[in-house]
Amino acid sequence: TKMGMTFTPWALEPLSHRLSKQHWIASIVQARVYDPDGALEAGYLDEVVPEGEAVDRAVAVAAELAALPAQAYAANKLMTRENSIEIARADVAKL
């Protein structure tokens, strides 16, 4: 909003699954900027780590995810995003 940009439906769809409904208008319409803890509360971030620990934490999380059964992980990830993918395809088809 601050840049004068209007979101497309496909851009809003993934946010609808991440952002807390109480932060939806402030985030999307009113262009609120959050500090790290506020971004965590709003749903933009999964976690906040101390300065200098982000890479180590990201590698640890990646290792945890890599240990999951790949086929089930891929299928479940796709299933949770199918609606968003269809919305994106329909939106792009309009171009």
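Summary of the structure given here. Every chain is numbered on its own, with residues counted from 1 as its sequence reads. Whole-chain, interface and lining totals are the exception, using all residues; otherwise, since this is a predicted model, local features are given only for residues with pLDDT of at least 70 and side-chain atom pairs are given and counted only at 80 or more. Side-chain calculation: all heavy atoms of the structure are included, whereas hydrogens and water are not.

## Things to note about a nonpolar patch on the surface
Short version of the rule: Distance thresholds for patches are 9 Å for like charges and 5 Å for nonpolar side chains (Val, Leu, Ile, Met, Phe, Trp, Tyr), applied to residues having over 30% relative accessible area and no salt bridge. Only the protein chains shown count as cover for residues, and the accessible areas themselves come from Shrake-Rupley with a 1.4 Å probe. Each salt bridge in this description consists of a side-chain nitrogen of Lys or Arg and a carboxyl oxygen of Asp or Glu lying within 4 Å of one another. Where helices and strands are cited, they refer to DSSP runs of H or I of at least four residues and of E of at least two residues respectively, numbered from the N terminus. Burial status follows relative accessibility: with a 1.4 Å probe on protein chains alone, a residue under 20% of its type maximum counts as buried, one over 50% as exposed, and anything between as partly exposed.
Together, Leu40, Tyr44, Leu45 and Val48 line one region of the surface with nonpolar side chains, adding up to about 290 Å² of accessible area. If you trace the backbone, Leu45 turns up in the loop between α3 (36-42) and α4 (54-66). Overall, Leu45 belongs to the partly exposed group, its relative accessible area being 35%.

## Description of the environment of Ser20
For clarity, the cut-off: In this analysis, two residues are considered to be in contact whenever any of their non-hydrogen atoms come within 4.5 Å of each other.
Here Ser20 lies in the loop between α1 (9-18) and α2 (24-29). Sequence separation between Ser20 and Tyr44 is 24 residues, and the spatial gap between their C-alpha atoms is 8.9 Å. Once residues lying within four places of it in the same chain are set aside, the contact partners of Ser20 are Glu41 and Ala42.

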